[in-house]
Amino acid sequence: MVDTPTDGTTTPSGNTSKEHARIDDAVARWQGETLPKALRKLGMNIEDVDSTPVTPNAIEDLDYVRDIGLPGEYPFTSWLYPTRALKEEGDTRIHRAGRYSGFGTSEDCRDYYIRMRDDGMRSGGANIASDLPSQLGWDSDDPRSRGEVGRVGVAIDSLRDFEIVYEAFAGENGIDKVGTNWTINAPAIVYVAFYCALATKQGVPWSKLRCTPQNDILKEYCGRGQYIFPAAPSMRLVRDVITFMDEHMPLSNPISICAEHIRYAGATTPEGFAFSFANAKAYVQLGIDAGLDVDRFVKRFTFRGFGHTGLDFMYGLAAPRAARRIWARIMREDFGAKDDRTCMLRGGEHAWGNAYLLMSAQRPANNIVRASIEALIQTFASGEISGGHPFDEPLGLGHSIEAQQISRDVARIIQHEAGASHYLDPFAGSYVLESLTDQIEAETLEELKRVEDLGGAVVAVESGYYMSRIAQSAWQSQARMESGEDVWVGVNAFNGPGEITVDIQRTSEYDQVLLESAEVRQVAALKELRRERDDEAVQRTLSVLRTTAENEAVNLIPALMDCALAYATIGEICDTLRDVFGEGVYTQ
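Residues numbered from 1 in each chain as written. Predicted model: local features only at pLDDT ≥ 70, side-chain atom pairs only at ≥ 80, totals over all residues. Heavy atoms only, no water.

*Asks:* How would you sum up unusual backbone geometry? Please name residues and give values.
*Replies:* Going from Tyr74 to Pro75, the amide bond is cis rather than trans, its omega being 10°. Here Pro75 is to be found in the loop between α2 (64-68) and β1 (97-101). In this structure, Arg363 takes a positive phi of about 45° despite not being glycine. Checked against the element boundaries, Arg363 lands in the loop between α12 (313-334) and α13 (366-381). On the basis of relative accessible area, Arg363 is assigned to the buried category, the value being 14%. Of note in this structure, Phe494 is not a glycine but carries a positive phi near 55°. With respect to the secondary-structure elements, Phe494 resides in the loop between α17 (465-483) and α18 (512-532). Residue classification places Phe494 among the exposed positions, given a relative accessible area of 53%. (Helix = DSSP H or I, 4+ residues; strand = E, 2+ residues; numbered from the N terminus. Buried < 20%, exposed > 50% of the residue type's maximum accessible area, 1.4 Å probe, protein only.)

And the structure:
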């Protein structure tokens, strides 16, 4: 905000100095007379309530065109696009990947995709959840993988597993027709190589592929912990994906920068934004240092989870608005982007995750309400409509068929019965919303400056700064929850003997028998692969990979594709890179 003018001029919002003073006088009278009188009748004290109303004075420096803008126009505060591109069922993403899912062996996952599509339960390409061994670059028969193979996602050991999974996507759903996503980070470059090798075998040009690896390795060091190598060589892998896709894969996205995992680890919303934007700036710099045009390659960056972790409604609306504006200004002012599209916080689910950490195993039917609030926030704060997280999110791997049906119906009711999709950014101009948007922006930029003063995102990882800040915020949040200061209905409050649990039938989307036997079957398939492949070719390609990795200037993807086509495994590939790069070990 700027100082209030004293010469009778107006602020960008049209508020004169006289009007400002008149509002201040009214607030003072209300605080001194109206409010205390009402509180006395209720037997309450002024300390029991928020005694500072939000007035036009809170946003007197607001300039609509400069600070909000029309939907689809810089700085994209309202939304990225001029309208919602809704079809009959609310599907706005005909070429994009479908719902995040995956389990068991590659055969299990393939059959699941086919069955769900035949039952009308999914559309789009594969949005693959990988098991923990795959995320850490371990083969399924590695002793460290025991008990985790195929559990939280599908097991991917080699190109053969990609070949099997993508048998579910042919014809009008072929890999040259629909998108695919992989929530994979440390070995993301290996998945890209597997996919390009798959395309080569199918005769599909790389230029027609639509894929998005998450590839956001910096947030793994402070968010999920699924990293393999030290930060510096990991950034080289990110760079190689960015430059390779810029040259060969114009429809693919080299990275999906994710704020939600940092927030789920315990960061506040401004911290999550600041750390994610610091990471994003580091990734942009990788491309610039490699000689790429910022107004070309950054347009393929995607972002997700730039919302609030909680159900505070107005704060939840303000958070993604602030995030979109911050990123637009970073790209324009820090990197000199000329094309407005380069300044977009591109991607979906900006307000995704508001209810995630509040989804409870206790009285899980309450999660339907939480998800509905999350869905309303997403609808009002973005151009997308969803039904929020399925209510049985905390009850185990995979969402039940019933929970998915409820989630779809929540989205339909919001759109068709409530009419919530009629307007984009309908609360724009609200004194509360705009002041919260300004507050989140200011707090984010303050924290971002701390990171940059340290030397940037990589230094923040290596020094432990990220982890320390997140740990402190997580401890404070947990303390508020345990003390009851933050109320969690049915968990730390309203959970007495008179309360009841409402049960809802649940039918798992995943075959539990297959899930239990997945490790044995995947390990057996891996042994068979090793018997059938040409070991000489495997060793030759791994040797070339090692030599290539030692030369930081050379892109690794061609060598990785050769390894993939020889059916080297993800463990063998990552072990070769471990020998060159070492392993990352970061503590608070």
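*Asks:* Outline the packing of helix α7 (residues 217-224) against helix α10 (residues 269-289), supporting the account with residue identities and numerical values.
*Replies:* The contact between α7 and α10 brings their axes to 9 Å, and the two run at 155°. When the axes of α7 and α10 are compared, the pair comes out roughly antiparallel. Viewed along their axes, α7 and α10 form a crossing whose handedness is right-handed. Across the interface between the two elements, Ile217, Leu218 and Lys219 from α7 touch Asn279, Ala282 and Tyr283 from α10. (Axes fitted to C-alpha atoms, helices over the stretch in contact; angles between N-to-C directions. Parallel < 35°, antiparallel > 145°, perpendicular 65-115°, else oblique. Left-handed = near helix turned anticlockwise from the far one by under 90°. Contact = heavy atoms within 4.5 Å.)

*Asks:* Go over the nonpolar core with me, naming the residues and quoting the values.
*Replies:* Counting residues in hydrophobic clusters, the biggest one holds 135 residues, and the most contacted among them are Tyr166, Trp182, Tyr283, Phe301, Tyr466 and Ile573. If one sorts the elements of this core by residue count, helix α6 (residues 188-202) sits on top with twelve residues. (Core = buried A, V, L, I, M, F, W, Y, C linked by side-chain atoms within 4.5 Å.)

*Asks:* Please set out the environment of Ala26 residue by residue, giving values where relevant.
*Replies:* Position of Ala26 among the secondary structure elements: in helix α1 (residues 17-42). Judged by its relative accessible area of 29%, Ala26 is partly exposed.

*Asks:* I'd like to hear about the pattern of salt bridges, residue by residue, with values.
*Replies:* Considering all chains together, one arrives at 46 salt bridges under this definition. Close ionic contact of Glu499 with Arg363 constitutes a salt bridge, the shortest N to O distance being 3.6 Å. Here Glu499, found in the loop between α17 and α18, pairs with Arg363, found in the loop between α12 and α13; they are 136 residues apart in sequence, far enough to count as distant. You can call Glu499 partly exposed: its relative accessible area is 39%. Note that Arg469 and Glu447 form a salt bridge whose closest N and O atoms lie 2.7 Å from each other. Of this pair, Arg469 sits in helix α17 while Glu447 sits in helix α15 (residues 431-454), placing them 22 residues apart in sequence. Among the residues examined, Arg469 registers a relative accessible area of 29% and is labelled partly exposed. Shared partners join several salt bridges into a network, and the residues in it are Asp61, Arg66, Asp67, Arg325, Arg329, Asp438 and Glu441. (Salt bridge = Lys/Arg side-chain N within 4 Å of Asp/Glu carboxyl O.)

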